[in-house]
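Here's the letter readout for the chains.
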Amino acid sequence: MIPGNFEYHSASGVDEAVALLAEHGENGKLLAGGHSLLPMMKLRFAEPAHLIDLNGIDELRGIREDGDALIVGAMTSENAVIASEVLQRRCPVLPETAKLIADPQVRNRGTIGGDALHGDPGNDHPAVLMALEAEFVVRSQKGERREPANGFYLGPYLTRLDDGDLVTAIRIPIPAPGHGYAYAKFKRKTGDYATAAACCLLEMDGDICRKARLTLTNVGPTPLRAEDAEELLTGESITPERIEQAAQAAMSICEPAEDLRGSPEYKTHMAGEMTRRALHTALERARGG
Ligand SMILES: Cc1cc2nc3c(=O)[nH]c(=O)nc-3n(C[C@H](O)[C@H](O)[C@H](O)COP(=O)(O)OP(=O)(O)OC[C@H]3O[C@@H](n4cnc5c(N)ncnc54)[C@H](O)[C@@H]3O)c2cc1C
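A. How the structure looks around the layout of surface pockets. In this structure, the largest pocket spans a volume of roughly 1,200 Å³. Taken together, 50 residues form the lining of the largest pocket, with Lys29, Leu37, Gly114, Leu117 and His118 sitting closest to its centre. Looking at the lining of the largest pocket, the elements that each hand over two or more residues are β2 (28-31), α2 (37-42), α7 (112-117), β9 (158-159) and β10 (166-173). When residues of the lining of the largest pocket are assigned to their parent elements, the largest contribution, four residues, is made by α7. Approximately 420 Å³ is the volume attributed to the second largest pocket. Lining of the second largest pocket is provided by 23 residues; of these, Asp120, Pro121, Gly122, Tyr157 and Tyr193 occupy positions nearest its centre.

Below you can see the structure in the form of C-alpha cells.
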C-alpha cells in the first residue's frame, strides 16, 4: 500500500520531460495514468527515485488524421479512445478494445501509451497495435525515431525502449474502408486481464481474403502475431475449415504461463476459441453484417 519515497517533477513540455529523463537515467520513470506504475510502487515492485509526470503536457493528448495515418497522442485516455468519433469511423477496433480494458475509473486515468508501453503481456493494446501495424513515435535527447509495434515487445516488461525514451504518439496506418475487425477477450470478470484474447483484422475482395492480421494477448511472454495463421487465410476464401486451421496455427504458437487464470493447456485452448470468434466477427463485419 505504501510506496517508497520519490521526488516528483511535473514536466510542462516534451523537451523538459526528455531532459528530466536524461538527467535521472534509470532512476527516473515517466508517470502517465499511473494505473500500472503506482500499483507496482505501492507493492514496492518498482521504486523509482524520480517520477516525471506527463499529465501537464497537452500536446501529448488527442487523436487526429494525418494523411493516410491516424496519430493518437500517447497520453490519450482510454475513455477518450472510446469516445473518439474519428476512431469509431476509421479504426473501430481500438474503441472496441478500450471498452474491454479495466473499468470506468481506470479508463479515465489510464492512457493508450501507458498500456502499450508498460510491457505487461496482460495489456490489451499491444496485440491490437501489432495487428494495426502501428508505430511508436519516440523522442529522446538523440532526436526522434519510430519503432514498429511488431518487434517492439521483447519479453515481460521488456521493450525496445531505452532509459531516456519518451513516446509522444502512436502512428496507425488507416485501415482500408470496409475492413473487418474484432477483439475477442475471455476474462474472469469485468476489469480483469485476459485469460486469452485475439485480435483479427480482415480485408476482403468479395469472398477472397486480401489481407489478414491475427494477434494474441496474454498467452506468451509477449503479445504474439500468428503469422502462419495469417498466411493460411490470405488469398483464400474463409471457409469453416480454414478458420479451424487458423485457430490451430494460432494455438501452436502459444506459450502461456500457469497462474490463477488457468493451466497452459486451458489458456491455449481459449486462445484458439478467441481466434475463431474474432475471425467470425471480423468476417461478418467485412461482409457488412
Ligand atoms: C483494476 C485494474 C484493471 C486493469 N485491467 C486492465 C485490462 O483489462 N487490460 C489492460 O490492458 N490494462 C488493464 N489495466 C492497466 C491499466 O489500463 C493501466 O492504466 C495501463 O496499463 C497503464 O497505463 P497508464 O497510463 O496508467 O500508465 P502508467 O501506469 O503511468 O505507466 C506504465 C508504464 O509506461 C511507461 N510510460 C507511460 N507513458 C509513457 C510514454 N509516453 N513514453 C514512454 N513510457 C511511458 C511508464 O513509465 C510506466 O513504466 C488495469 C489496471 C487496473 C488498476
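B. Geometry of the sheet that holds β2. Across the sheet, three strands lie side by side as β1-β3-β2; this open sheet has parallel pairing. The sheet terminates laterally at β1 (7-10) and β2, the two strands that pair on one side only. Across the sheet, the mean angle from the axis of one strand to that of its neighbour is 25 degrees, orientation sign disregarded. Inspection of the sheet shows β1 paired to strand β3 (residues 50-53) by four bridges, in the parallel sense. Opposite Ser10, over in β3, you have Asp53 as the bridge partner. Running over the sheet, helix α1 (residues 14-24) touches β1, β2 and β3 and is turned about 170 degrees from β3.

C. Expanded view of the nonpolar core. In this structure, Cys91, Val93, Leu94, Leu129, Leu132, Phe136 and Ile172 are the most contacted members of the largest nonpolar core, which totals 34 residues. The leading source of residues in this core is helix α8 (residues 125-131), at four residues. With sequence-adjacent residues up to four places away left out, Phe136 is seen in contact with Ala116, Leu117, Leu129, Arg145, Arg146, Glu147, Ala149, Phe152, Tyr153, Val167, Ala169 and Ile170. Ranked by size, the runner-up nonpolar core spans 29 residues in total, among them Cys200, Leu214, Ala250 and Ala282.

D. Structural view of the packing of aromatic side chains. In total, this model carries three aromatic pairs according to the counting rule given. Ring centres of Phe152 and Tyr153 lie 5.0 Å apart, and the angle between their planes is 85 degrees; on these two criteria the pair is classed as edge-to-face. Pairing Phe186 with Tyr266 gives two aromatic rings, centres 6.5 Å apart and planes at 75 degrees, and the pair type is edge-to-face. Of the two residues, Phe186 sits in strand β11 (residues 180-186) while Tyr266 sits in helix α11 (residues 264-286), which places them 80 residues apart along the sequence. What makes Phe186 partly exposed here is its relative accessible area of 27%. Through successive ring pairs, a cluster of aromatic residues spans Phe136, Phe152 and Tyr153.

E. The arrangement of the site of the ligand in detail. Near the ligand there are 30 residues, and of these Leu30, Gly34, Leu37, Thr111 and Asp115 occur at the shortest range. One of the backbone nitrogen or oxygen atoms of Gly33 is found 2.8 Å away from an oxygen atom of the ligand. His35 is positioned such that a nitrogen or oxygen atom in its backbone is 2.8 Å from an oxygen atom of the ligand. A total of 980 Å² of accessible area belongs to the ligand in isolation, and the protein chains cover 91% of it. When each cavity is represented as a set of grid points, the ligand is found to reside in the largest pocket. Listed by contribution, the elements that provide at least two residues to the shell around the ligand are β2, α7 and β10.

Conventions we followed
- Residues numbered from 1 in each chain as written.
- Predicted model: local features only at pLDDT ≥ 70, side-chain atom pairs only at ≥ 80, totals over all residues.
- Heavy atoms only, no water.
- 1 Å grid on protein atoms, 1.4 Å probe; cavity = no way out; pocket = protein on both sides within 12 Å on 5 of 7 lines; lining within 4 Å.
- Points joined across faces, edges and corners; volume = space filled by probe spheres on them.
- Helix = DSSP H or I, 4+ residues; strand = E, 2+ residues; numbered from the N terminus.
- Pairing = 2+ DSSP bridges.
- Axes fitted to C-alpha atoms, helices over the stretch in contact; angles between N-to-C directions.
- Contact = heavy atoms within 4.5 Å.
- Core = buried A, V, L, I, M, F, W, Y, C linked by side-chain atoms within 4.5 Å.
- Buried < 20%, exposed > 50% of the residue type's maximum accessible area, 1.4 Å probe, protein only.
- Phe/Tyr/Trp six-rings, centres within 6.5 Å; stacked < 30°, edge-to-face > 60°.
- Near = heavy atom within 4 Å.
- Polar contact = N/O pair within 3.5 Å; in protein donor to acceptor, adjacent residues only side chain to side chain.
- Areas by Shrake-Rupley, 256 points an atom, 1.4 Å probe, with all protein chains shown as cover.
- Sits in = over half its atoms within 2 Å of the grid points.

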